[in-house]
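Structural features, examined
Listed below, chain by chain, are the residues.
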Amino acid sequence: MSKEKERKPIKALIIDDSTDYTRELTLKAAGRQIILRSSTNWQQGFDLIKADKQLQFVILDARCYITETQETGTESERFLVKAIRELEAWMRENNKYIPFCINTGYSDLKHIFEGEYRLFSKDDNSDTLFEYIWNEYHKSLNGQFSINFPEPALFTEQFFTEENKEKIALLFQNDRFMKPGVEDRRKNLADIRVISEHFWDILAVEYLNEDLKKFKDEPSKRTGLYIYKINNGDEKKIPEFIYYWSRTLFDLSSEYAMHNSIGDQTLEQFPTKYLITSLSYGLLNALVWGLKIIYSKKPQYRVVPEHN
């Protein structure tokens, strides 16, 4: 099996008024493990960008329609100026980064945008464009996490908020969970705790059909209730290793990360980087198990908002 067939597909969006071209490019992209959505105007395309949390890349035509009702023949580079300005502003406001490029058949526009933005020609081999999309995806935090941990990433991509996607990706970026400094260890413990509480909130919604709005207690109390409810009944649904991971994480993070300041006299008792590493990988195990138990009841595809 080739390396390309082994890697998990990613999703991109092309905004181009030529439906024949986008149809042809979509077929080629599928062979390169890129699922390509399309739009013929910026207004519709921007709505897709804001709605689809799994989009990893955007391809912009140089001259295209801004709105669906724009008259034929009025396409201009105003489309590109508006699209780039609004896309960059939206990314800043939402603390989210989606790489994009310009893919055009108009050679006269190259001198305007080339150098400032990555530009491709529709006349060139599309493989160059696809390789660039993959390279940009590899550079992203979520991309690195998905490539290194494909099974846990199935859970985060489908259910995590953007904030917690980034939090878990940062935890596993360059083995940050192995950092030996006390403040590093304290932060890692706190992040694992926050991610795990979000994980149990998701199970409460997707598996128990709970309404998070009715819970006003602190996250740790919600988590304990969820674990009890999931395990309640004749069948013990939570594997022991998940249960004990959750309890150990709660106790250690409460003692060393969430509330109390650790003085020099207790530094020697602070959890080591090796223990925090085991808790980090326990989190990955929990995500894999969580996806299975959700799917055992009902397949869902929605992000659960954070509940504080």
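Look up a bit, the structure's there.
These notes cover the structure that comes with them.

Looking at the overall build of the chain
- Of regular secondary structure, the chain possesses 13 helices and five strands.
- Within the chain, contacts between residues at least 6 apart in sequence are counted, and of these 68% link residues at least 24 apart.

A closer look at the sheet that holds strand β5 (residues 119–121)
- Here we have five strands laid out as an open sheet, ordered β2-β1-β3-β4-β5, and parallel in their pairing. Two strands close off the open sheet at either side, each with one partner strand: β2 (34–39) and β5. Along the sheet, successive strands turn relative to each other by an average axial angle of 30°, direction set aside.
- Sheet topology note: the strand β3 (residues 55–60)/strand β4 (residues 100–104) ladder contains three bridges and is parallel. Considered in β4, the bridge of Ile-59 is made with Cys-101.
- On the sheet, helix α4 (residues 78–94) packs against β1 (10–15), β3 and β4 and is oriented at approximately 170° with respect to β4.
- The sheet strands contacting helix α6 (residues 126–139) are β1, β2, β3, β4 and β5, and the helix crosses β3 at an angle near 140°.

Some details on the pattern of salt bridges
- What the rule picks out here adds up to 20 salt bridges.
- Between Asp-20 and Arg-23 there is a salt bridge; the shortest N-O distance is 3.0 Å. Linking Asp-20 with Arg-23, this pair stays in helix α2 (residues 19–30), spanning three residues, or about one helical turn. By the burial criterion, Asp-20 is exposed, and Arg-23 matches it.
- One continuous salt-bridge network, built from bridges that share partners, spans Lys-167, Arg-176, Lys-187 and Asp-191.

Here we look at the packing of aromatic side chains
- Scanning all chains against the criterion turns up 21 aromatic pairs.
- Here the aromatic rings of Phe-172 and Tyr-281 are separated by 5.9 Å at their centres, their planes lie at 85°, and the arrangement is edge-to-face. Of the two residues, Phe-172 sits in the loop between α9 (162–171) and α10 (182–206) while Tyr-281 sits in helix α13 (residues 273–295), which places them 109 residues apart along the sequence.
- Owing to a relative accessible area of 6%, Phe-172 belongs among the buried residues under this scheme.
- Among the aromatic residues, ring-to-ring pairing joins Phe-155, Phe-159, Phe-160, Phe-199, Trp-200 and Trp-289 into one connected group.
- Its guanidinium or amino end placed over the ring of Phe-46, Lys-50 lies 4.3 Å from that ring's centre, counting from NZ or CZ.

Overview of the nonpolar core
- If you look at the biggest cluster of nonpolar residues, it comprises 45 residues, and the most contacted ones within it are Phe-155 and Trp-200.
- Setting aside residues up to four positions removed in sequence, Phe-155 forms contacts with Phe-160, Phe-199, Ile-202, Leu-287, Gly-290, Leu-291 and Ile-294.
- Ranked by size, the runner-up nonpolar core spans 24 residues in total, among them Ile-15, Ile-49, Leu-55 and Ile-98.

Quick word on the environment of Ala-169
- Residue placement: Ala-169 occurs in helix α9.
- The exposure class assigned to Ala-169 is buried, which follows from its relative accessible area of 3%.
- Note: C-alpha distance between Ala-169 and Gln-144 (25 residues apart in sequence) is 7.6 Å.

Description of the packing of helix α3 (residues 42–51) against α4
- For the pair α3 and α4, interaxial distance at closest approach is 11 Å and the crossing angle is 20°. Here α3 lies roughly parallel to α4, going by the angle between them. In this structure, α3 meets α4 at a crossing whose hand is right-handed. Where α3 approaches α4, its residues Trp-42, Phe-46, Ile-49 and Lys-50 are matched on the opposing element by Phe-79, Lys-82, Ala-83, Glu-86, Leu-87 and Trp-90.
- The residue inventory of the contact of α3 with α4, partitioned by class, reads seven nonpolar, no polar and three charged.

Quick word on the side chain of Glu-197
- You can see Glu-197 is positioned in helix α10.
- Classification of Glu-197 by relative accessible area gives buried; the value is 11%.

Parameters at a glance
- Residues numbered from 1 in each chain as written.
- Predicted model: local features only at pLDDT ≥ 70, side-chain atom pairs only at ≥ 80, totals over all residues.
- Heavy atoms only, no water.
- Helix = DSSP H or I, 4+ residues; strand = E, 2+ residues; numbered from the N terminus.
- Contact = heavy atoms within 4.5 Å.
- Pairing = 2+ DSSP bridges.
- Axes fitted to C-alpha atoms, helices over the stretch in contact; angles between N-to-C directions.
- Salt bridge = Lys/Arg side-chain N within 4 Å of Asp/Glu carboxyl O.
- Buried < 20%, exposed > 50% of the residue type's maximum accessible area, 1.4 Å probe, protein only.
- Phe/Tyr/Trp six-rings, centres within 6.5 Å; stacked < 30°, edge-to-face > 60°.
- Lys NZ or Arg CZ within 6 Å of the ring centre and 35° of its normal.
- Core = buried A, V, L, I, M, F, W, Y, C linked by side-chain atoms within 4.5 Å.
- Parallel < 35°, antiparallel > 145°, perpendicular 65-115°, else oblique.
- Left-handed = near helix turned anticlockwise from the far one by under 90°.
- Nonpolar A, V, L, I, M, F, W, Y, C, P; charged D, E, K, R; others polar.

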